[in-house]
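For reference, the chains in residue letters:
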Amino acid sequence: MLGAYAVRVARHGRPAMPRLGASPGSALLPGPVVEAFYWSFHAPARALVRLRVSPDTLTYLSLALSLACAPLLAVGRFRAGATLLIAGAVLDALDGMVAREGGKASRAGAVLDSCLDRVSDAAPLIGLAVFYRHHALALAIPLVAMVASSLVSYARAKADVYRIALPSGLMRRHERLAYLVAALVFGPAVPASPLTGALPFPITLACIALVAGVGLAAGLRLVQRTRAALAAADAAPPPGPRATARPEGERRRLLDDGKATSAPL
C-alpha cells in the first residue's frame, strides 16, 4: 500500500485530501502513512457505491465488528480481536467515503457515525480491562485510555461547534487505532517478562499505557486551547455602530487561534 502510494505521488503528485487537513500525521504517526491508507480506500468506496451499499449499513457493521472483538480480548485472543478491530476500522473509514461518493452525505449520518465511533473506541479497551481484571494497576491502564480517547474526540467536537480550528495534535482516532492494533498483534510475542512477573503480555500493556498517557495530555491540551480561544473572543470589544464588520472579523480571527488546520477526530 505504501509502495503504491509512493508511485502515485511520484508520477502524479500528492492527491488532494481535504478531509485529512493540511497535516494529517503527527510526531508519532507520519502523515504519508495516513495518506496512503486513506488513498487506498477510494477504489473500494467507489465499488460499494456501484453496489448501492448504504453508508449506514457500513457504520453498523463497523460497530458490530468492534463489539465482537471485546470478548476475544477479554479471554486473551489478542490477534483474533485485532483482526476484527482492523475490519471494523476499515468499514468505518469507508462509510463516510461511500456517503460522499454516492451523494448521500448528511448531518444525520455524521451524527450517527460520530456517536457509534465512541462505542467502537470503548469496546476493545473494555475487553482489555476485563482481561487484566486480576491486576489492579494493569486494569486501570485501559480504563484511562478509554477516558483519554473520549476526551480527545469530545474536545475536538466542541471546538468544531464553536468554529475553532485546532492543530493536528496527537492521539486522534486513526492514530489510537494504529497503536492499539500494533499492541494486539505484536504484544503476544512476549507473553511474560521477569520485570513484570505474572503480568501477561507486558508489551501490549505498555502500548496501551502510551495511548492513555499521551491521549490524556493531548486531550487536556485541546481543552486548554479551546478555552483560551473562547476567552480571547469573549474579551474582544463589542462592535460599534459604525464599525460592525471589523470587530466581528477580529472576533473570528481570535477564534481561529492562529489559523491552524482542523483534523479528523
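Note that the coordinates shown come from a computational prediction; the quantities given were computed from them, not determined experimentally. (Residues numbered from 1 in each chain as written. Predicted model: local features only at pLDDT ≥ 70, side-chain atom pairs only at ≥ 80, totals over all residues. Heavy atoms only, no water.)

Here the focus is the overall build of the protein chain. Helix and strand counts for the protein chain stand at 10 helices and 0 strands. Each helix (α) and strand (β) of the protein chain, taken in turn from the N terminus, gives the series α-α-α-α-α-α-α-α-α-α. Among the 265 residues that make up the protein chain, the fraction classed as buried is 40%. For the protein chain, the proportion of contacts with a sequence separation of at least 24, taken over those separated by at least 6, is 72%. (Helix = DSSP H or I, 4+ residues; strand = E, 2+ residues; numbered from the N terminus. Buried < 20%, exposed > 50% of the residue type's maximum accessible area, 1.4 Å probe, protein only. Contact = heavy atoms within 4.5 Å.)

What follows deals with the pattern of salt bridges. Scanning the model with the defined rule gives 5 salt bridges in all. In this structure, R173 engages D92 in a salt bridge whose closest nitrogen and oxygen atoms are separated by 2.6 Å. Taken as a pair, R173 in helix α8 (residues 173-186) and D92 in helix α5 (residues 78-101) lie far apart in primary sequence, 81 residues in all. For the residue pair R173 and D92, the accessibility class agrees, reading buried in each case. Here R173 ties to D121 by a salt bridge, and the two come within 2.7 Å at their closest N and O atoms. Of the two residues, R173 is situated in helix α8 and D121 in helix α6 (residues 107-131); the sequence distance between them amounts to 52 residues. Accessibility expressed as a relative area gives 10% for R173, which makes it buried. Among the charged side chains, a network of salt bridges with common partners joins D92, D117, R118, D121, R173 and R176. (Salt bridge = Lys/Arg side-chain N within 4 Å of Asp/Glu carboxyl O.)

Here the structure, examined in full by the defined rule, presents 4 aromatic pairs. Note on F131 and Y132: the rings are 4.9 Å apart at their centroids and 90° apart in plane angle, and the pair reads as edge-to-face. With respect to class, F131 is no different from Y132; both count as buried. Here the aromatic rings of F131 and F201 are separated by 5.8 Å at their centres, their planes lie at 25°, and the arrangement is stacked. Remark: F201 occurs in the loop between α8 and α9 (202-235) and F131 occurs in helix α6; sequence separation between them is 70 residues. Of the two residues, F131 and F201, neither departs from the other in class, the shared state being buried. Through pairs of rings, three or more aromatic residues link up here, namely F78, F131, Y132 and F201. (Phe/Tyr/Trp six-rings, centres within 6.5 Å; stacked < 30°, edge-to-face > 60°.)

Attention shifts here to a nonpolar patch on the surface. Among the surface-exposed residues, V144, V147, L216 and L220 lie close enough to one another that they form a single nonpolar patch of about 320 Å² accessible area. Position of L220 among the secondary structure elements: in helix α9. By relative accessible area, which is 52% here, L220 ends up exposed. (Patch = residues over 30% accessible without salt bridge, like charges linked within 9 Å, V, L, I, M, F, W, Y side chains within 5 Å. Areas by Shrake-Rupley, 256 points an atom, 1.4 Å probe, with all protein chains shown as cover.)

If you trace the backbone, P71 turns up in helix α4 (residues 55-74). When its relative accessible area of 49% is taken as the criterion, P71 is described as partly exposed. On a C-alpha basis, the gap between P71 and V130 in space is 8.8 Å, while along the polypeptide they are 59 residues apart.

With that out of the way, let us pick up the packing of α5 against α8. Close contact between α5 and α8 brings their axes to 8 Å; oriented N to C, the two are set at 160°. Here α8 runs roughly antiparallel to α5, going by the angle between their axes. Our pair here, α5 against α8, has a crossing hand that is left-handed. Along the contact surface, α5 presents F78, R79, A82, L85, I86, A89 and D92, while α8 presents R173, L177, L180, V181, L184 and V185. (Axes fitted to C-alpha atoms, helices over the stretch in contact; angles between N-to-C directions. Parallel < 35°, antiparallel > 145°, perpendicular 65-115°, else oblique. Left-handed = near helix turned anticlockwise from the far one by under 90°.)

The next thing to look at is the side chain of S149. Among the structural elements, S149 can be located in helix α7 (residues 136-161). Judged by its relative accessible area of 5%, S149 is buried. Among all residues touching S149, those that are not within four sequence positions of it are L125 and R176.

Bringing unusual backbone geometry into the picture now. Despite not being glycine, R52 shows a phi value in the positive range, around 60°. By the element assignment, R52 lies in the loop between α3 (42-50) and α4. With relative accessibility at 75%, the residue R52 sits in the exposed group. The phi dihedral of R163 is positive, around 60°, even though this residue is not glycine. Relative to the helices and strands, R163 resides in the loop between α7 and α8.

Next up on the list: the confidence of the model for the protein chain. With 86% of its residues at a pLDDT of 70 or more, the protein chain has an overall mean of 85. When mean pLDDT is taken per element in the protein chain, α4 scores highest with 96 and helix α10 (residues 245-256) scores lowest with 50. Counting contacts from residues 254-263, a segment whose pLDDT is below 50, to residues more than four positions away or on other chains yields 29 contacts. (pLDDT = per-residue confidence, 0-100.)

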